[in-house]
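Residue-level listing of the chains:
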Amino acid sequence: MTGQDHIPLGVGFYPDWFYKHYGISFGREYYFDPETRVRARMEIDKRLHERFGDVGLGDPDPRPKPLITFGMVMLPAILGCEAVFKDDALPWAMPLNLSEKEVMKLEVPDIFNSDPMTEIIKQIDYLKDKYGKVVGDINITGVQNLALKIRGDQLYYDYYENPELSHHLLGICTECIIQLFQFIYKITGTGAMDVTPMCDPRLFVIPNCTVEQISLKAYEEFILDYDNQVADACHPLGIHHCGSVNEVMDGYAKVRHLEFIEIGFGSDVKRTREVFGPQVAVNARISPVLMKNGTTQEVEAEVRNLIDQGVPLNNFSIDTVGLTYGTPDENVKTALRTAQEYGKIDRHVPPKHGKRYFYGVQGDRTSVETTLSSTTKTVVIGLGHPLVIIGERINPTGRKHLAQTLEKGDFKLVQTEALKQVEEGAHILDVNVGISGIDEPRILKAAIYAIREVTDVPLCIDSALPNALEAGLEAYEGKALVNSVNGEKDKLSKVLPLVKAFGAAVIGLTMDDKGIPIEATKRLEIARLIVERAEQEGIPREDVIIDPLAMAISADHKAGLETIKALRLIRDELGVNQTLGLSNISFGLPERSAINSLFLAMAVLNGLTCPIADPTVWEMRRATLLADLLLGKDEFCMNYLSVSGKKLGRPEAVRARRDEEKGDKADLVAIKEAVIDGRRRVATELTKEALDKGADPDELINDYLIPALNVVGDKFERKKIFVPEMMIAAKGMQECVDLVRPLLKKEVDRSFGTVVIGTVFGDLHDIGKNLTKLLLESSGFKVIDLGENVPADKFVEGAQEQEADVVGLSSLLTTGDPPVEETVRALKASDVSEKVKVICGGAALTPKFVKEVCGADAHAKDAADGVKKIKEMLGKGIRRNG
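Values in this document were obtained by computation on a predicted structure and should not be read as measured data.

Draft legend 1. Just the overall build of the protein, in detail. Broken down by element type, the protein carries 35 helices and 25 strands. Over its C-alpha atoms the protein spans a radius of gyration of 30 Å, differing by no more than 12% from the 29 Å that the globule rule assigns to 882 residues. A buried classification covers 55% of the 882 residues belonging to the protein. Intrachain contacts of the protein at a sequence separation of at least 6 include 71% that bridge at least 24 residues. For the protein, the exposed surface amounts to about 36700 Å²; the carbon and sulfur share of it is 50%. Charged side chains in the protein number 107 positive and 132 negative. The centres of these two groups are separated by 2 Å.

Encoded structure:
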């Protein structure tokens with residue numbers, strides 16, 4: 001990362017710093033007139049050297065730099081967003097908020113014949129002609145960032161309620177990003193400069209500014225595959241992540257070709273280093289709030305702390321981005337000097353790590369992870385990951401109708417089985433078309449093509465014929481799993497070269513020319529032979545999955561015990577992933593599902609990571625969910641709750657469970673639980689039923705709906721759920737309240753009070769404000785939303801006209817400090833000061849600044865905390881548990 005003897009520390013001033021100090025404008029002309037930009041950059045270098053030359057910033061005699069740049073608004077503008085340019089701010093794109101119909105009609109635009117890209121192309125030609133070259137690039141923005149600009153906050157509802165739309169939009173955004181990345185890279189050879197100066201500029205860096213708002217599960221389900229599509233087309237890759245990376249770090253670890261990650265303040269730097277390893281460069285950011293409002297001692301302590309966590313330092317850096325007007329010069333110099341003096345690379349020797357292949361099941365990570373992929377989806381198998389289900393139903397053995405359709409060349413049933421298994425939780429599909437007398441290579445290839453038309457999950461290509469395996473691998477796009485090889489010399493010599501040639505992974509069966517050994521120790525010997533032969537062939541250990549073979553206990557009552565022993569031995573001795581055909585264990589016995597489910601639980605404890613099973617059997621699917629749940633692989637129980645909610649959360653299923661519960665309030669408890677779980681359609685239907693049966697509307701709201709939202713708010717504060725889950729729950733609560741409201745006594749004022757909210761002048765961010773509005777309305781408040789970029793006098797007018805009880809100010813950036821202070825003082829000096837309470841919130845605001853400097857009544861750390869504080873200020877008590 002650097003040729004210096006100390007770590008680099010970047011200093012990035014926000015446009016308002018240059019504009020207010022020196023009058024250097026970052027308005028529209030800066031982006032549309034290349035000569036204005038060249039002059040501005042030279043002036044910036046001179047001014048920085050005048051002020052910070054003693055610590056290495058700036059240039060006393062800068063040369064013209066033929067730079068192209070456009071902030072993060074190019075693709076949003078091409079897709080129709082209004083781009084806002086200001087002298088003292090970065091450009092900002094206003095969300096389009098397209099409807100469902102408009103999104104589904106959306107197509108990839110003709111990027112290079114669309115404004116403002118045509119303007120940039122003219123600038124490129126001009127700079128080339130005058131200066132002989134072009135430097136810089138364009139911030140292409142991230143996949144979710146761009147989708148939010150097109151769809152607005154509704155995208156977060158779509159993740160749960162309209163995934164088809166989500167994937168359609170995310171796919172369009174991904175293609176736009178890839179096209180723009182590749183175009184700019186051909187011209188300048190860089191893909192990082194407009195995002196961050198802290199990495200090799202030749203990397204392609206994705207800005208994932210909004211990913212902090214979603215859970216790891218949501219990232220892996222909706223964004224990871226698209227990040228990998230960008231990575232496969234444009235690499236090596238870097239990721240810029242605003243805010244704490246802690247929640248989605250393990251998801252980023254699955255992004256291919258990753259060589260750099262930039263993490264926001266609040267991130268666990270030490271764990272970031274452990275997760276990504278020393279080969280991935282890390283840049284850690286210091287909070288601009290600390291840089292602006294902290295002491296030099298606090299700044300020095302933070303830089304030292306980051307350095308201590310960041311070893312090895314040869315590819316570690318620190319960034320002080322977003323420094324706004326009012327940031328003390330001495331804080332900047334302190335940060336730079338501390339990095340130079342304390343961040344000596346040679347004195348921070350990285351610890352030595354011995355390579356370990358496997359661990360126990362108590363939550364430790366295995367270093368052996370098998371990765372399989374299609375063109376758009378990636379699946380990772382390993383002891384440290386949730387169980388991966390390989391769906392077994394596309395197999396004509398014992399299934400006469402499927403065999404007949406395959407013989408006729410009809411693949412509709414194959415497609416139906418594929419979709420059914422994926423819907424029920426299969427992560428990989430086993431594809432076997434082995435029928436006597438057919439052209440198996442041709443049929444297998446056709447089946448793979450047919451499946452690809454309806455689903456994008458990775459496939460396990462299953463055949464006993466090497467020529468059929470080869471045909472299947474030729475047809476498959478991605479990294480497949482081959483089923484299978486065994487310890488027979490002929491099989492090893494014919495199948496392993498195919499696996500290597502196509503870059504696939506392979507299942508190894510613990511059988512050889514003598515058959516399947518009874519003893520677990522002999523199965524281990526065969527497994528070791530397969531792994532060693534694979535490695536000799538050039539197939540890495542992580543691409544070998546062993547199947548120790550489950551045998552029918554109806555034929556040998558100790559067969560299950562030997563398989564469990566074999567699993568444990570192979571895990572402990574070889575450390576590879578393992579699979580089993582679970583249904584074999586119960587052959588010939590009644591209650592097979594119960595036997596299979598219990599056997600799966602035992603097998604998981606001993607090293608099973610990817611069972612071959614029928615996911616459409618609920619008992620088996622539930623067993624995999626519970627295994628992950630009990631072994632700590634389902635954070636916050638979200639996967640179990642999600643799947644069981646879909647399975648058992650249908651109104652009729654809820655009613656069935658409710659009837660079993662004791663107590664005459666079971667109906668109302670079920671509504672509360674549905675709101676908390678985010679099952680808003682279930683919640684509304686149950687609310688209708690309860691009201692039809694004569695439920696007391698006041699009791700329903702006060703004792704069940706409001707406490708439900710309090711529980712959700714508490715989860716959000718503790719980062720047990722994230723923005724999409726919070727929005728879904730609040731929306732469900734709001735819809736239930738709308739059903740109840742007409743039945744409330746007319747003479748009673750149901751409003752908790754009136755709240756006027758808005759984002760302060762100079763700030764166009766709105767997600768936090770919008771979430772606060774939703775939560776307040778769901779809690780019974782009347783909310784007047786003034787929007788974004790609101791001047792102080794508009795807040796005062798709004799409070800006067802609406803007879804507000806509370807005014808809420810939102811500000812994401814430290815540039816919002818002066819407008820926040822101005823607005824609070826204007827409110828306190830107005831004729832509503834005696835009545836109105838003022839609360840301020842946003843990432844850049846601290847309690848000390850809000851209350852002591854500005855004189856506001858309260859500070860909110862997030863949307864949920866804001867609602868709680870407003871209730872407390874107005875004396876509306878909070879009952880947490882109803």
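Continuing now.
Draft legend 2. Local environment of helix α3 (residues 34-52). Between its first and last C-alpha, α3 extends 27 Å over 19 residues, near the 27 Å set by a 1.5 Å rise per residue. P34, E35, T36, R37, V38, A40, I44, L48 and F52 are the residues of α3 that are buried. Those residues of α3 hidden inside the fold are in contact with β1 (9-13), α1 (15-22), α2 (28-32), β2 (67-68), α6 (117-131) and α15 (329-342).

Draft legend 3. Here's a closer look at the packing of α1 against α3. Look at α1 against α3: their axes get within 12 Å of each other, and the N-to-C directions meet at 80 degrees. Classified by the interaxial angle, the pair formed by α1 and α3 is roughly perpendicular. Taking contact as the criterion, the partners of W17, F18, H21 and Y22 in α1 are, on α3, I44, R47, L48, R51 and F52. Looking at side-chain class alone, the contact of α1 with α3 contains 6 nonpolar, 1 polar and 2 charged residues.

Draft legend 4. Summary view of the pairing of strand β14 (residues 428-432). Summarising burial for β14: 5 of the 5 residues are buried, a large majority. Both faces of β14 are covered, namely the face carrying I428, D430 and N432 and the face carrying L429 and V431. Examined bridge by bridge, strand β13 (residues 390-394) and β14 share 3 bridges and lie parallel to one another. Paired with I394 across the strands is V431, a residue of β14. Note that β14 and strand β15 (residues 459-462) share 4 bridges and pair parallel. By the bridge assignment, L429 is partnered in β15 with L459. Handedness of the crossover joining β14 and β15 through helix α18 (residues 440-454) is recorded here as right-handed.

Draft legend 5. Summary view of the side chain of K633. Mapped onto the secondary structure, K633 falls in the loop between α24 (618-630) and α25 (638-648). For K633, which is buried and forms no salt bridge, the nearest opposite charge comes from D628, at a distance of 5.1 Å. Within polar-contact distance, the side chain of K633 engages the backbone oxygen of L383 at 2.9 Å.

Draft legend 6. Main features of helix α21 (residues 520-536). In this model α21 runs 24 Å from its N-terminal to its C-terminal C-alpha over 17 residues, within 8% of the 24 Å that 1.5 Å per residue would give. Residues of α21 that are buried in the fold lie against β16 (481-486), α20 (489-502), β17 (505-509), β18 (544-547) and α22 (559-574). Backbone geometry just downstream of α21 places G538 in the positive-phi region, at approximately 95 degrees.

Draft legend 7. How the structure looks around the packing of aromatic side chains. Across all of its chains, the model carries 20 aromatic pairs by this definition. Arranged with centres 5.7 Å apart and planes meeting at 25 degrees, the rings of F13 and F52 form a pair that is stacked. Residue F13 is found in strand β1, and its partner F52 is found in helix α3; the two are separated by 39 residues along the sequence. A residue is classified by how much of its surface remains accessible, and F13, at 11% relative accessible area, is buried. Accessibility expressed as a relative area gives 0% for F52, which makes it buried. Site record: aromatic cluster; members linked through ring pairs are F13, W17, F18, Y22, F26, Y30, Y31, F32, F52, F70 and F85.

Draft legend 8. Inspection of the sheet that holds β16 at higher detail. The parallel open sheet is built from 8 strands, whose spatial order is β19-β18-β17-β16-β15-β14-β13-β20. At either margin of the open sheet sits one strand with a lone partner, and together these are β19 (577-578) and β20 (612-613). Across the sheet, α20 lies against β16 and β17, angled at about 160 degrees from β16, the strand it touches most.

Draft legend 9. View of the packing of helix α19 (residues 466-475) against α20. Where α19 contacts α20, the two axes come as close as 10 Å, and the packing angle between them is 5 degrees. Classified by the angle between their axes, α19 and α20 sit roughly parallel to one another. Residue-level contacts link P466, L469, E470, L473 and E474 of α19 to K494, V495, L498 and F502 of α20. Its residues placed into classes, the contact of α19 with α20 shows 6 nonpolar, no polar and 3 charged.

Draft legend 10. View of the pattern of salt bridges. Following the criterion strictly, the structure yields 42 salt bridges and no others. Residues D5 and K344 are paired through a salt bridge, measuring 3.2 Å at the closest nitrogen-oxygen approach. In this pair, D5 is assigned in the segment before β1 and K344 in the loop between α15 and β11 (370-373), connecting sequence segments 339 residues apart. The salt bridge involving R679 is made with D677; its shortest N-O contact spans 3.0 Å. According to the relative accessible area criterion, D677 is partly exposed, its value standing at 38%. A single network of salt bridges, built from pairs that share partners, joins D54, E330, K333 and R337.

Draft legend 11. Quick look at unusual backbone geometry. In this model, D115 is joined to P116 through a cis peptide bond whose omega is 0 degrees. For P116, the position within the fold is in the loop between α5 (100-105) and α6. Going from V311 to P312, the amide bond is cis rather than trans, its omega being 0 degrees. When you line up the elements, P312 lands in the loop between α14 (296-309) and β10 (316-323). Positive phi values are uncommon outside glycine, yet N789 reaches one of about 55 degrees. Looking at the secondary structure, you find N789 in the loop between β22 (782-785) and α32 (792-802).

Draft legend 12. Summary view of the sheet that holds strand β25 (residues 858-860). The strand order across the open sheet built from 5 strands is β22-β21-β23-β24-β25, with neighbouring strands paired in parallel fashion. Edge positions in the open sheet fall to β22 and β25, since each of these has one partner strand only. Along the sheet, successive strands turn relative to each other by an average axial angle of 25 degrees, direction set aside. Inspection of the sheet shows strand β21 (residues 754-759) paired to strand β23 (residues 806-810) by 5 bridges, in the parallel sense. By the bridge assignment, T759 is partnered in β23 with S810. Sheet strands touched by helix α33 (residues 817-829): β23 and β24 (837-841). Its angle to β24, the strand with the most contacts, is close to 170 degrees.

Draft legend 13. Examining the pairing of strand β6 (residues 204-207) more closely. Judged by which residues are buried, β6 turns out to be covered on both faces: F204 and I206 on one side and V205 and P207 on the other are all buried. By the bridge criterion, 4 bridges tie β6 to strand β7 (residues 237-241) in an arrangement that is parallel. Each residue of the ladder has a partner; that of V205, found in β7, is G238. In terms of handedness, the path from β6 via helix α10 (residues 216-233) over to β7 forms a crossover that is right-handed.

Draft legend 14. Just the side chain of T624, in detail. Mapped onto the secondary structure, T624 falls in helix α24. For T624, a relative accessible area of 4% puts it in the buried group. The residues touching T624, leaving out its near neighbours within four places in the chain, are L387, I389 and L600.

What counts, and where the lines are drawn
Residues numbered from 1 in each chain as written. Predicted model: local features only at pLDDT ≥ 70, side-chain atom pairs only at ≥ 80, totals over all residues. Heavy atoms only, no water. Helix = DSSP H or I, 4+ residues; strand = E, 2+ residues; numbered from the N terminus. Rg over C-alpha atoms; globule rule 2.2 N^0.38 Å. Buried < 20%, exposed > 50% of the residue type's maximum accessible area, 1.4 Å probe, protein only. Contact = heavy atoms within 4.5 Å. Areas by Shrake-Rupley, 256 points an atom, 1.4 Å probe, with all protein chains shown as cover. Lys, Arg positive; Asp, Glu negative; His and termini not counted. Charge placed at Lys NZ, Arg CZ, Asp CG, Glu CD. Expected span 1.5 Å × (residues − 1). Axes fitted to C-alpha atoms, helices over the stretch in contact; angles between N-to-C directions. Parallel < 35°, antiparallel > 145°, perpendicular 65-115°, else oblique. Nonpolar A, V, L, I, M, F, W, Y, C, P; charged D, E, K, R; others polar. Pairing = 2+ DSSP bridges. Right-handed = clockwise from strand over helix to strand, strands pointing away. Salt bridge = Lys/Arg side-chain N within 4 Å of Asp/Glu carboxyl O. Polar contact = N/O pair within 3.5 Å; in protein donor to acceptor, adjacent residues only side chain to side chain. Phe/Tyr/Trp six-rings, centres within 6.5 Å; stacked < 30°, edge-to-face > 60°.

Purely geometric stuff here, so don't read any function into it on its own.
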